[in-house]
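Observations on the model geometry
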Amino acid sequence: MMTLLLLKSKIKNFYEKHYRITRGICKFIIMFGALLLITMQMDYNEFLGQYWLLAIVSGVCAVTPDGMSLIFFFLLVCGEISGVSVLLAATVLVIIVIYLLLYGRFERKQYYLVFLIPVLAPLHISYVVPIVAALFASPVLLPALVMGIIVQFMIQGVMLYASASMGVAESEDILSSLQFLMDYLMKNQLMFVTIIAFCLTFVCVYMIRKGNFNHASQIAILVGAIVLMSAELLSNIILELELNLAILTVQVVASMAVAYVVQFFHMTLDYRGTRRLQFEDDEYYYYVTAVPKFKVTVVDRTVTRILQDEEDENLDLREELEKALREEDADNADTL
């Protein structure tokens, strides 16, 4: 454990010392990997799959705000979809724009959820998203969680339509691709099960990690993984989804391991949040809340003097001494 703590301290110090360069390099690597994964998975537009283009886009994302990375990512996704159907690409783009206009201004962290779920889905570790997100955010991100799942299944629907229409003459009905996608989403029981399971997991993890007891975050990760797997298994039995239980178990366990790693390196010895401490002696219970200075304004700061009685006694004694001195001076003046 001490070795891990020292490693974390060194990584943190290096990151803080070289913040701009390190963060830019990390964003470049993440965006290049995400764009490469999407283009390899879809591969409907040869121009968008070229490495030099992905490197340029990733470089731009590395020096721009996180919101721009999300925009570039979905523009590339829509560009790939346009190789299958321009109507489908326009539909996906309109849905994303509507979501960003409705919810995009409320919480910036939602960008990560909408981005990570479709990216991690091909790697089969998207189950880590609701668990980790609930450790650091509030339920206000639930719409982003739902939107990320919808985007994931829209991409799968486009890929299914592309494989089904391959080698088949183009239909005269220009709305056939849109109708196929809508039917795929509305009749896809797995999508609704995933939405319910992710939301339940998020709420459970959030409520447990907010609890005032030891190891709340670690327990929340374990309970979240159990809730997620239970929801999937129960749905598999009731709806007969034909899920591979062995693969599902491996995916959930891997996601739980990733969540524990993220929790350790982000929350252990993290002094940025509010801390609550309880202790007692023979007569009293003491409850102490420590709040970082940057979160408290000068007006909000209050000081409670515990030794008020002792100060009052000192004040009374000083007044008596001053009174005695004044009387002595008055007597001396009368004598003269």
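Note that the structure is a prediction, hence the values are computed from the model and not measured.

1. Details of the confidence of the model for the chain
- For the chain, the mean per-residue pLDDT works out to 78, and 75% of the residues sit at or above 70.
- When the criterion is pLDDT under 50, residues 269-273 qualifies, and its contacts beyond four places in sequence or with other chains add up to twelve contacts.

2. Some thoughts on the packing of helix 5 (residues 86-103) against helix 8 (residues 142-165)
- Relative to each other, helix 5 and helix 8 sit at 180 degrees, their axes nearing to 12 Å. By the angle class used here, helix 5 and helix 8 are roughly antiparallel. Contact residues: helix 5 offers Leu88, Val92, Ile95, Ile96, Tyr99 and Tyr103, while helix 8 offers Pro143, Ala144, Met147, Met154, Val158 and Tyr161.
- Residue composition of the contact of helix 5 with helix 8, grouped by class: twelve nonpolar, no polar and no charged.

3. Details of the environment of Val97
- Its place among the elements puts Val97 in helix 5.
- Under the relative-accessibility criterion, Val97 is labelled partly exposed at 38%.
- It is 10.0 Å that separates the C-alpha atoms of Val97 and Phe74, two residues lying 23 residues apart in sequence.

4. Details of helix 2 (residues 19-42)
- Between its first and last C-alpha, helix 2 extends 34 Å over 24 residues, near the 34 Å set by a 1.5 Å rise per residue.
- Along helix 2, the residues classified as buried are Thr22, Gly24, Lys27, Met31, Ala34, Leu35, Ile38, Thr39 and Met42.
- Once helix 2 finishes, Asp43 follows within two positions and takes phi at roughly 55 degrees, a positive value.

5. Things to note about the packing of helix 2 against helix 4 (residues 66-82)
- Contact geometry of helix 2 with helix 4 gives a least axis separation of 10 Å together with a crossing angle of 15 degrees. By the angle between their directions, the pair helix 2 and helix 4 is classed as roughly parallel. With respect to the hand of their crossing, helix 2 and helix 4 are arranged in right-handed fashion. Two secondary-structure elements touch here, helix 2 through Arg23, Lys27, Met31, Ala34, Leu35, Ile38, Thr39 and Met42 and helix 4 through Asp66, Ser69, Phe73, Leu76, Val77, Glu80 and Ile81.
- Split into classes, the residues belonging to the contact of helix 2 with helix 4 amount to nine nonpolar, two polar and four charged.

Basis of the calculations
Residues numbered from 1 in each chain as written. Predicted model: local features only at pLDDT ≥ 70, side-chain atom pairs only at ≥ 80, totals over all residues. Heavy atoms only, no water. pLDDT = per-residue confidence, 0-100. Contact = heavy atoms within 4.5 Å. Axes fitted to C-alpha atoms, helices over the stretch in contact; angles between N-to-C directions. Helix = DSSP H or I, 4+ residues; strand = E, 2+ residues; numbered from the N terminus. Parallel < 35°, antiparallel > 145°, perpendicular 65-115°, else oblique. Nonpolar A, V, L, I, M, F, W, Y, C, P; charged D, E, K, R; others polar. Buried < 20%, exposed > 50% of the residue type's maximum accessible area, 1.4 Å probe, protein only. Expected span 1.5 Å × (residues − 1). Left-handed = near helix turned anticlockwise from the far one by under 90°.

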